[in-house]
Structure formats: structure tokens, C-alpha cells
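Each chain, written out:
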Number of protein chains: 2
Amino acid sequence: MQVYFATSNKNKYREAKEIIGNVKRFEFNHIEIRSDSLEEIAIEAVKVAYTKIKKPVFVEDTGLFIKSLNGFPGTYSGWVFKKIGNKGILKLLKGIKKRGAEFRTCIAFNDGTRIKTFFGVCKGKIAVNERGKQGFGYDSIFIPEGYKYTFGESKSLKNKLSHRYNSLLKLSRYFKKNKFWESQHVRDIIKY
Amino acid sequence: MQVYFATSNKNKYREAKEIIGNVKRFEFNHIEIRSDSLEEIAIEAVKVAYTKIKKPVFVEDTGLFIKSLNGFPGTYSGWVFKKIGNKGILKLLKGIKKRGAEFRTCIAFNDGTRIKTFFGVCKGKIAVNERGKQGFGYDSIFIPEGYKYTFGESKSLKNKLSHRYNSLLKLSRYFKKNKFWESQHVRDIIKY
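Remember, it's a predicted structure, so these values are computed and weren't measured experimentally.

A. Representation of the overall build of chain A in the model. Regarding its fold elements, chain A presents six helices and seven strands. Helices and strands in chain A line up, N terminus first, as β-α-β-α-β-β-α-β-β-β-α-α-α. Against the compact-globule benchmark of 16 Å for 192 residues, chain A has a radius of gyration of 16 Å, which places it among compact chains. Scored against the burial criterion, the 192 residues of chain A give a buried share of 41%.

B. Up close: the packing of helix α3 (residues 77-92) of chain A against helix α3 (residues 77-92) of chain B. In the contact formed by α3(A) and α3(B), the axes pass within 9 Å of each other and the chain directions differ by 110 degrees. As judged from the angle between their axes, α3(A) and α3(B) are roughly perpendicular. In this structure, α3(A) crosses over α3(B), and the sense of that crossing is right-handed. In this structure, α3(A) uses A:Ile84, A:Gly88, A:Lys91 and A:Leu92 to contact α3(B), whose residues at the interface are B:Ile84, B:Gly88, B:Lys91 and B:Leu92. Class assignment for the residues of the contact of α3(A) with α3(B) results in four nonpolar, two polar and two charged.

C. Geometry of the environment of A:Phe151. Residue and element names in this part refer to chain A. Here Phe151 is to be found in the loop between β7 (142-144) and α4 (155-161). Exposure remark for Phe151: the 29 C-beta atoms within 10 Å place this residue in the buried category. In this structure, the C-alpha to C-alpha distance between Phe151 and Gly74, residues 77 residues apart in sequence, is 18 Å. Look past the residues within four positions of Phe151 in its chain and what remains in contact with it is Gly135, Asp139, Phe142, Pro144, Leu157, Lys158 and Ser162.

D. Molecular detail of the interface of chain A and chain B. Contact with chain A, which involves 17 residues of that partner, is made by 17 residues of chain B. Of the residues contributing to the side of chain A that touches chain B, the split by class is eight nonpolar, four polar and five charged.

Cut-offs applied
- Residues numbered from 1 in each chain as written.
- Chains lettered and ligands numbered in written order.
- Predicted model: local features only at pLDDT ≥ 70, side-chain atom pairs only at ≥ 80, totals over all residues.
- Helix = DSSP H or I, 4+ residues; strand = E, 2+ residues; numbered from the N terminus.
- Rg over C-alpha atoms; globule rule 2.2 N^0.38 Å.
- Buried ≥ 20, exposed ≤ 12 C-beta atoms within 10 Å, placed from the backbone.
- Axes fitted to C-alpha atoms, helices over the stretch in contact; angles between N-to-C directions.
- Parallel < 35°, antiparallel > 145°, perpendicular 65-115°, else oblique.
- Left-handed = near helix turned anticlockwise from the far one by under 90°.
- Contact = placed C-beta atoms within 7 Å.
- Nonpolar A, V, L, I, M, F, W, Y, C, P; charged D, E, K, R; others polar.

Encoded structure:
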């Protein structure tokens, strides 16, 4: 059965397609609830998405959580990015040595009978300067743990390691286990 | 008839009481919608508040809009304050000469038959350092136009000039015009 990714963000859809292949986009402009929980936000959104499309659908909510900023910009990452961008984040961290941060994603999938959530985390730190143009959003200031490059410098690195990748992988496994969806592409991903 | 101010913020209630006197607090913890419009947020909130209290009730939503930060922190001012505080705002503005900002308030009043909104604005700029402890939130970094002091340095200044004062004044006038509510205190305010 065809699965849809409900999102207004073409970059997120492109990433999901690169990772799991067999997914269609459902253009979805939804005002999310205010919450510090990605899961709460995703569950509410996927309920609404299903009422509109009436087909198996998932949404995702992602945030960048910076430790020394009490988790800022967190679940408001998209909005904060539009307002102050990477330059603003780097300014807030100027002179701060502890630069630990993590990207977190929560995917919520709704097939009309149940809602399941899948989490992905990618630990790392905030770079001192912006580097690379292969990603979007905060990618050019995020260096994953154990690497020297930012996600903006290496799209292939991001697709292998990222919070979104990890959560999509869990979603793919769930589909496979439940024989919801079989494709060569998904099997490849799972063996990765 | 008794009017209620639905808020979870005791500081806002204290200010409203100092300005309009005859108001009771309705303890109200509501998750606001995400929006860049204070009015949209306030209208949605007061609809919910009325369904709970079933008495004439108003809510207010306030934001600090900094021009050189594209209106940040705007309608997310409360959340941003918890995360990065005044120190964060000052850091974001470090080295920036254009420091223009305004506080905006929207009050939404619901008497069960109609919803009315009232706006208040206070123009000013962001100080270079935090000053004063008489206010709360961003008061200690906000200098109203035509003055040298921050709102944090002078509570009386704030109560005379502020966005919240202006919007509460309009609310009081509306009550008086509609003979909704008469009190010496309100008449005094209106003559101010």
C-alpha cells in the first residue's frame, strides 16, 4: 500500500525519499500545537493529516536541542531559524565552550486504526562557524559526534547518521515486520 | 458584573489589578496555538476560557518584537525568555546599533455573546545592559520611547505607558460605554 509523508517542507520530503524511497508527498500545511514535546506535536498533527488524506500517512517533527541554551531552539527550531538563523545561534553561543547539542526527530504514523511513533536522535555539537551548503536549516552548524564535518558539508554523512534517518529506519522496520510494505529499497536500508 | 482575567501569570494579573482595579483572576493554564498573530492567539484562548468559566472573561497575549531580529521573540516571547532570557537577547543584539523594538498586547474579551479585541503598543528600544528589578520578563532591557529608564527601573512608568496599560484602558472604555461595568477606579483611569 502506498504511504504518504505529510509535510510542507520539500527538503524533508527529499531526504525521506532518498532514505526510504517508496513514499509520496502529501502537501500539508498545518499549524502545530505549542508543546515542548516533539511526540505530542507529531501525534496531534498526524491525527489531522489522516482526517484529510484518509490513507496511511506519517508526519515528522524535528528539533535542535542545544544543552547550554536549555534546549533552545527545540520544538520551535523552524520558527527560530526563520527569525535569527544560524548567525543568531552562533552569536548566542559566542564565548561558550560547552557546545553540545542534539537533533531529535519524532515520526508519527497513522494508518487509520492506530498511531505509532518512532524516534531518532543524533548527538553532536555546534560548530564555531557555518560550514557547507549541502544541507538546510541548521545543518551547516551541526557536527555529529565522532566526525569533523558538519551536515552541511556532507549530505551522505547526514543521510547515514541523522536523527531523521534513524527514525525513518525504525518506520521502515515497522512496515516490514507488519508486512505493511515490501520493497527492495527498504530491505537495503534495513541491512545497512 | 464581575469580570475575570484568565491567566497563569501572576505578574500580569498584578499589573491588571493595579491598572483597572475591579478584576478577579481565573487561574487558566491553556496551551496557546502557534501563530505569528497575537490576536489569533488571544481569540482562540478566550473562546476556551469562556467555555470553562462561563462568566465575562478576558485574556491577553503580549510579545516583544525586535526590528533587527525580524520580530523575534514576538508571539513566542514567554517561551524564549525561559530558554535564553535577557542575556540571550542582549547577546543577539551585540554590536547592532539599530535596537528599535516594541511591546504589543492584544486583549480578547468574551462575554458569551461576542468577542472583542483591544490592542496596546509601546514603542522603544533595547538597552545595552539589564537595568532595574521592578518589572518582570523583558522589562529590564526595554526603554520606552522618550525616556531614559527601562521598565525594570520604574514600575510607575510602565503602568502609565505600557502596551498592557493601553490595551486595558481600551477595555475599560469599552466596559464604560456599554455600561457593562462602573467603578470609581475605572473612571479615574479613563480621565488619566
